[in-house]
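# Understanding the architecture of this molecule
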Amino acid sequence: MLSSDVPSPVVSVQPVVLVAPDRGVDLRVRVAAPVGGSGLPIVVFSHGFGSSLHGYGPLVDFWAAHGFVVIQPTHLDSRTVGLPQDDPRRPQLWRTRVGDMRLVLDRLDLLEAAVPGLGGRLDRSRVAAAGHSFGGQTAGVLLGLRVLDPLTGHAEDLSDSRIKAGVLLATAGRGGDDLTPFAAENLPWLKGPDFAHMTAPALVVAGDHDESPLSVRGPEWLADPYHLSPGPKSLLTLFGAEHSLGGIAGYEVRETTDENPERVALIQRVTLAYLRHALGIDNTDWAEARNGTPMGRIESK
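To start, this report covers the structure provided alongside it.

Attention now goes to the packing of aromatic side chains. Tallied over the entire structure, the rule returns 5 aromatic pairs. With a centroid separation of 6.1 Å and an interplanar angle of 55 degrees, the aromatic rings of Phe45 and Trp63 are classed as tilted. One end of the pair, Phe45, is in strand β3 (residues 40-46); the other, Trp63, is in helix α1 (residues 57-65), with 18 residues separating them in the sequence. For the pair shown, Phe45 and Trp63 are each scored as buried. Look at Tyr274 and Trp286: their rings are 5.2 Å apart centre to centre, the planes differ by 75 degrees, and that puts the pair in the edge-to-face class. Residue Tyr274 is located in helix α7 (residues 261-278), and its partner Trp286 is located in helix α8 (residues 284-289); the two are separated by 12 residues in the primary sequence. Here Trp286 falls in the buried class, since its relative accessible area comes to 4%. Within the aromatic cluster, the residues linked to one another by ring pairs are Phe45, Tyr56 and Trp63. Sitting over the face of the ring of Phe134, Arg97 holds its NZ or CZ atom 4.0 Å from the ring centroid. We note Lys301 situated over the ring of Tyr226; from NZ or CZ to the ring centre the distance is 4.8 Å.

Put into structure tokens, the structure is as follows:
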């Protein structure tokens, strides 16, 4: 494992194609890793609705430069896939996303071999799932969040014991009457989330100016994954942040409405410190981060 203080040059390979016949189209993946170090922990990152393996450079590059192998699948809802609006797979997008993350973990040997010099350097006992927006729900399911399947009416346990911790960024909260009519009609996987079984450690990151068009409750809705799940959990509330949290989705992403490099830098530092803490690597930076910052507040349970 590399020191968290000294960034390393990063190598990335994209796309690595994982054959997935049941999915309808093969899974395209990006792998980013530091050029040095061994015993490297793994983060599997789930993008927001419409994004792809090309997004989230401000987080992915930072984590990789500080000792993590970061793997980014491109889900079926990505604009790069071009899934038709009437495609029968759409109601199950939430489930295929979880399958994508599992497939990544199933094919770690192939992904490791695709990056020159990465062989034998992964620590498969230290794996985290992270995601932004829709990707936060995807990561949450792997941690124990249960989604009411819009087709079957049942909420299954799709958690994965290989995932030891998570980072959920701007992630949807409670369903039911908390949803706007648009969300209830078009995003049926938001109707009945059950956070009671999301027992794995996680850091929830929410902006206190994130006025989601999916909920009638305002910014507090994005803190539900913290408040409605059992511990151990931590919540980073970012003052003045909207859904893009200052610009984590990319260096030049047009959806960023609250561009703030200082806020992004804070998220980089806090998420790195949390991942190192939650995966049992080092607690020093996390203890320091919990002392607080003028740009946000951290609480834990």
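We are not done yet, so read on.
All right, on to the nonpolar core then. Counting residues in each nonpolar core, the largest one holds 57 residues, and the members touching the most others are Val31 and Ile71. Discounting residues that sit within four places of it in the chain, Ile71 has contacts with Val29, Arg30, Val31, Ile42, Val43, Val44, Phe45, Val104, Leu108 and Leu111. Grouped together as the second largest cluster of nonpolar side chains are 37 residues, Ala64, Val205, Leu279 and Ala289 included.

The terminal C-alpha atoms of helix α2 (residues 93-106) lie 20 Å apart, and with 14 residues this matches the ideal 20 Å at 1.5 Å per residue to within 8%. Within the span of α2, buried status applies to Leu93, Trp94, Arg97, Val98, Asp100, Met101, Leu103, Val104 and Leu105.

As enumerated under the stated definition, the model contains 19 salt bridges in all. Across the pair Arg30 and Asp61 runs a salt bridge whose closest N-O atoms are separated by 3.6 Å. With Arg30 in strand β2 (residues 27-34) and Asp61 in helix α1, this residue pair connects regions lying 31 residues apart in the sequence. We classify Arg30 as buried; its relative accessible area is 12%. Residue Asp61 is classed as partly exposed on the basis of its relative accessible area of 26%. When the shortest N-O distance is used, the salt bridge between Asp178 and Arg174 registers 2.8 Å.

So, on to the environment of Arg97. Looking at where Arg97 falls in the secondary structure, it is placed in helix α2. Here Arg97 falls in the buried class, since its relative accessible area comes to 0%. Placed 20 residues apart in sequence, Arg97 and Asp77 show a C-alpha to C-alpha distance of 8.8 Å. Not counting the four nearest positions on each side in its chain, Arg97 is found in contact with Ser46, His47, Gly48, Phe49, His75, Asp77, Phe134, Gly135 and Thr138.

In the contact formed by α1 and α7, the axes pass within 10 Å of each other and the chain directions differ by 45 degrees. It follows that α1 is oblique to α7 by the angle criterion. α1 and α7 meet at a crossing whose hand is right-handed. Across the interface between the two elements, Pro58, Leu59, Phe62 and Trp63 from α1 touch Val264, Ile267, Gln268, Arg269, Thr271, Leu272 and Leu275 from α7. Of the residues assigned to the contact of α1 with α7, the class counts are 8 nonpolar, 2 polar and 1 charged.

Across the sheet, 9 strands lie side by side as β1-β2-β4-β3-β5-β6-β7-β8-β9; this open sheet has mixed pairing. In this open sheet, the two edge strands, each paired with only one partner strand, are β1 (10-18) and β9 (296-300). Taken over all neighbouring pairs, the strand axes of this sheet differ in orientation by 20 degrees on average, direction set aside. Two strands pair when backbone bridges link them, and strand β7 (residues 202-207) and strand β8 (residues 233-238) are joined in this way by 6 bridges, in the parallel orientation. Its bridge partner lying in β8, Ala202 is registered against Lys233. Sheet strands in contact with α1 are β1, β2, β3, β4 (69-73), β5 (122-132) and β6 (165-169), and its direction is about 45 degrees off that of β2.

The description of two packed helices rests on the angle between their axes and on the distance between the axes. Where α2 contacts helix α4 (residues 134-143), the axes come no closer than 9 Å and their chain directions differ by 65 degrees. α2 and α4 meet at a crossing whose hand is right-handed. Across the interface between the two elements, Leu93, Trp94, Arg97, Val98, Met101 and Arg102 from α2 touch Phe134, Gly135, Gln137, Thr138, Val141 and Leu142 from α4. Here the residues of the contact of α2 with α4 are counted per class, giving 7 nonpolar, 3 polar and 2 charged.

The next point concerns the pairing of β6. With respect to burial, β6 is a largely interior element, 5 of its 5 residues being buried. Going residue by residue along β6, you find Ala165, Val167 and Leu169 tucked away on one face and Gly166 and Leu168 tucked away on the opposite face as well. By the bridge criterion, 5 bridges tie β5 to β6 in an arrangement that is parallel. Among the inter-strand pairings, Ala130 is bridged to a residue of β6, identified as Val167. Traced from β5 through α4 to β6, the parallel crossover comes out right-handed. Relative to β7, β6 runs parallel, the two sharing 4 bridges. Looking at the pairing, Leu168 lines up with Val204 of β7. Handedness of the β6-helix α5 (residues 181-186)-β7 crossover: right-handed.

Rules of the game
- Residues numbered from 1 in each chain as written.
- Predicted model: local features only at pLDDT ≥ 70, side-chain atom pairs only at ≥ 80, totals over all residues.
- Heavy atoms only, no water.
- Phe/Tyr/Trp six-rings, centres within 6.5 Å; stacked < 30°, edge-to-face > 60°.
- Helix = DSSP H or I, 4+ residues; strand = E, 2+ residues; numbered from the N terminus.
- Buried < 20%, exposed > 50% of the residue type's maximum accessible area, 1.4 Å probe, protein only.
- Lys NZ or Arg CZ within 6 Å of the ring centre and 35° of its normal.
- Core = buried A, V, L, I, M, F, W, Y, C linked by side-chain atoms within 4.5 Å.
- Contact = heavy atoms within 4.5 Å.
- Expected span 1.5 Å × (residues − 1).
- Salt bridge = Lys/Arg side-chain N within 4 Å of Asp/Glu carboxyl O.
- Axes fitted to C-alpha atoms, helices over the stretch in contact; angles between N-to-C directions.
- Parallel < 35°, antiparallel > 145°, perpendicular 65-115°, else oblique.
- Left-handed = near helix turned anticlockwise from the far one by under 90°.
- Nonpolar A, V, L, I, M, F, W, Y, C, P; charged D, E, K, R; others polar.
- Pairing = 2+ DSSP bridges.
- Right-handed = clockwise from strand over helix to strand, strands pointing away.

On their own, these measurements won't tell you what the molecule is for.
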